[in-house]
Amino acid sequence: MSSSTAVPGQSPIAETAPQSLCALEPRVPADRLVAEMVPPPRFDSVRFDTYVPDPNQPSQTEAVQVLGSFAAGLGGAHATGTGKRKWFGRKPVAPTGPRGVYLDGGYGVGKTHLLASLWHATPAAPSLKAFGTFVELTNLVGALGFQQTVQTLSGHRLLCIDEFELDDPGDTVLVSSLLGRLVEAGVALAATSNTLPGKLGEGRFAAVDFLREIQGLSSHFRPLRIDGEDYRHRGLPEAPPPYSDDQVTRAAYATAGASLDDFPALLGHLAKVHPSRYGALTDGITAVCLTDVQAVPDQSTALRLVVLADRLYDREVPVLASGLPFDRLFSDEMLNGGYRKKYFRAISRLTALARDAKGLVGQ
């Protein structure tokens with residue numbers, strides 16, 4: 001509805017009233033959940049030829065070459081190379097040798113760029129390729145159930161998993177079981193991973209940890225080491241100072257397609273929406289405006305916020321906020337605990353989106 005809207009303490013603003021994420025409860029059909037397993041918008045245009053290898057790091061050039069050959073080898077009707085099941089309904093015979101690659105490298109070497117490039121380069125329709133983070137994959141299983149997820153992804157030629165998380169044993173076992181079934185069906189795999197919680201800051205590679213955690217699947221992956229500068233020593237970027245409630249509110253009313261929510265209320269609403277629907281929650285939203293940002297009260301709430309931050313970052317939705325700066329969202333206990341890498345990632349991504357939102361103030 002477009003009308004002259006009064007903002008408390010200010011003159012009326014002749015703009016469209018912002019939406020509220022708290023008023024949205026999207027219902028996402030299963031086919032959409034799977035169809036949306038594609039590289040996020042910021043990686044729409046990446047390709048192997050847009051990756052610029054460091055001339056001082058030959059492993060980067062080698063990675064491009066190996067992944068290009070790997071993609072070309074997936075050009076058959078199915079990962080098995082036959083495209084047909086044997087007589088009497090038998091499962092297709094899984095190919096011998098590694099049918100998966102694991103991109104092993106530190107921060108800032110372009111693993112996600114290369115993983116998305118592999119997805120784009122694989123000669124198959126988008127409906128036969130899937131790309132998602134580890135969290136998105138576990139959310140898909142939660143939404144569809146294990147068996148339906150297996151059935152849905154078994155016909156795919158390639159599954160790419162970004163940020164395979166080694167800090168949750170239960171989810172690791174779940175996804176390893178899923179991948180085992182998909183390997184049996186002939187699906188090719190590609191993955192990157194984070195570091196284990198106790199090893200954050202210790203060395204830069206995680207291949208040994210990854211292959212150990214997936215246990216019986218390790219023989220299906222070829223580790224592909226990508227050397228490069230490690231950016232971890234730079235620490236978290238400084239979060240921009242928050243705005244006032246009035247500045248955030250006025251910006252929300254002045255920005256077409258913006259949402260406006262009280263931060264504690266939004267956190268409460270996230271508990272009512274399955275994380276697999278957080279992407280749909282932001283459909284059509286051009287900017288997220290939040291008032292009264294506070295420290296997150298508990299770990300369950302914090303992990304839900306991490307997923308929302310990932311979806312906003314994937315979709316490049318700027319975030320304008322009042323209250324605490326984003327680098328104070330999580331307690332010291334959380335930042336020193338088993339999920340700290342997730343929280344660091346959320347702070348980094350929300351900080352980047354906060355910088356993107358600077359232009360909304362004073363419109």
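Calculation notes
- Residues numbered from 1 in each chain as written.
- Predicted model: local features only at pLDDT ≥ 70, side-chain atom pairs only at ≥ 80, totals over all residues.
- Heavy atoms only, no water.
- Axes fitted to C-alpha atoms, helices over the stretch in contact; angles between N-to-C directions.
- Helix = DSSP H or I, 4+ residues; strand = E, 2+ residues; numbered from the N terminus.
- Parallel < 35°, antiparallel > 145°, perpendicular 65-115°, else oblique.
- Left-handed = near helix turned anticlockwise from the far one by under 90°.
- Contact = heavy atoms within 4.5 Å.
- Nonpolar A, V, L, I, M, F, W, Y, C, P; charged D, E, K, R; others polar.
- Salt bridge = Lys/Arg side-chain N within 4 Å of Asp/Glu carboxyl O.
- Buried < 20%, exposed > 50% of the residue type's maximum accessible area, 1.4 Å probe, protein only.
- Pairing = 2+ DSSP bridges.
- Phe/Tyr/Trp six-rings, centres within 6.5 Å; stacked < 30°, edge-to-face > 60°.
- Lys NZ or Arg CZ within 6 Å of the ring centre and 35° of its normal.

Novice: Is there a simple way to explain the packing of helix H5 (residues 146–153) against helix H6 (residues 169–184) in this structure?
Specialist: Helix-helix packing: each pair is described by the crossing angle between the helix axes and the interaxial distance. Closest axis-to-axis distance for the H5/H6 pair is 10 Å, and the angle between their directions is 40 degrees. On the basis of their axis angle, the class for H5 and H6 is oblique. Taken as a pair, H5 and H6 cross one another with a handedness that is right-handed. For the pair H5 and H6, contact is made by Phe146, Gln147, Thr149, Val150 and Leu153 and by Leu174, Ser177, Leu178, Arg181 and Leu182, respectively. For the contact of H5 with H6, the class distribution of residues is six nonpolar, three polar and one charged.

Novice: Would you explain the pattern of salt bridges in this entry?
Specialist: Under the counting rule described, the total for this entry stands at ten salt bridges. For Glu163, the salt bridge identified is with Arg345, shortest N-O distance 3.4 Å. Of this pair, Glu163 sits in strand E5 (residues 158–164) while Arg345 sits in helix H13 (residues 340–356), placing them 182 residues apart in sequence. Using a relative accessible area of 15% as the deciding quantity, one classes Glu163 as buried. Since its relative accessible area comes to 9%, Arg345 is described here as buried. Put simply, Glu163, Asp310, Arg345 and Arg349 are held in one network by salt bridges that share partners.

Novice: Teacher, can you tell me more about the sheet that holds strand E9 (residues 287–293) here?
Specialist: Sheet strands associate in pairs through backbone hydrogen bonding, adopting either a parallel or an antiparallel arrangement. Strands sit in the order E8-E9-E10 across an open sheet of three strands; the sheet is parallel. The strands lining the two open edges of the sheet, one partner per strand, are strand E8 (258–262) and strand E10 (319–323). Between one strand and the next, the sheet's axes are offset by a mean angle of 15 degrees, whatever the strand orientation. Direction of pairing for E9 relative to E10: parallel, over a ladder of four bridges. Paired with Val288 across the two strands is Val319, which belongs to E10. In the packing of helix H8 (residues 245–254) onto the sheet, the strands contacted are E8, E9 and E10, and the crossing angle to E9 comes to about 160 degrees.

Novice: Would you explain the sheet that holds strand E4 (residues 129–133) in this entry?
Specialist: Strand order in the open sheet formed by five strands is E4-E5-E6-E3-E7, and the pairing between neighbours is parallel. Across the chains shown, the open sheet's two edge strands, defined by having one partner strand only, are E4 and strand E7 (221–226). Direction aside, the axes of adjacent strands within the sheet are offset by 15 degrees on average. Each of strand E3 (100–105), E5, strand E6 (188–193) and E7 is contacted by helix H2 (residues 58–72), which is oriented at about 150 degrees to E7, the strand it contacts most.

Novice: I tried to follow the packing of helix H9 (residues 263–270) against helix H11 (residues 299–314) on my own but got confused; where do I start?
Specialist: Between H9 and H11, the least distance of the axes is 10 Å, while the angle of their chain directions is 95 degrees. Our classification of the angle between H9 and H11 gives roughly perpendicular. For the pair formed by H9 and H11, the contact residues are Phe263, Leu266, Leu267 and Leu270 on the first element and Thr301, Arg304, Leu305 and Leu308 on the second. By residue class, the composition of the contact of H9 with H11 is six nonpolar, one polar and one charged.

Novice: Looking at this structure, how should I read the packing of aromatic side chains?
Specialist: Summed over the entire model, instances satisfying the criterion amount to two aromatic pairs. Consider the rings of Phe134 and Phe164, whose centres lie 4.8 Å apart with planes at 55 degrees: the pair is tilted. In this pair, Phe134 sits in helix H4 (residues 134–144) while Phe164 sits in strand E5, placing the two residues 30 residues apart along the sequence. Among the residues examined, Phe164 registers a relative accessible area of 0% and is labelled buried. Ring centres of Phe330 and Tyr343 lie 4.6 Å apart, and the angle between their planes is 20 degrees; on these two criteria the pair is classed as stacked. On the criterion of sequence distance, the pair formed by Phe330 in the loop between E10 and helix H12 (332–335) and Tyr343 in helix H13 is long-range, its members being 13 residues apart. Each member of the pair, Phe330 as well as Tyr343, carries the same accessibility label: buried. The ring centre of Tyr313 lies 3.8 Å from the NZ or CZ of Arg42, which sits over that ring. When the ring centre of Trp119 is taken as origin, the NZ or CZ atom of Lys129, which lies over that ring, is 4.2 Å away.

Novice: Hey, could you run me through the environment of Val187 in this one?
Specialist: Looking at where Val187 falls in the secondary structure, it is placed in the loop between H6 and E6. Owing to a relative accessible area of 3%, Val187 belongs among the buried residues under this scheme. On a C-alpha basis, the gap between Val187 and Leu159 in space is 7.0 Å, while along the polypeptide they are 28 residues apart.

Novice: What is the right way to look at the environment of Ala17 in this model?
Specialist: Positionally, Ala17 belongs in the loop between strand E2 (13–16) and helix H1 (30–35). For the pair Ala17 and Ala254, spaced 237 residues apart in the sequence, the C-alpha separation amounts to 8.4 Å.

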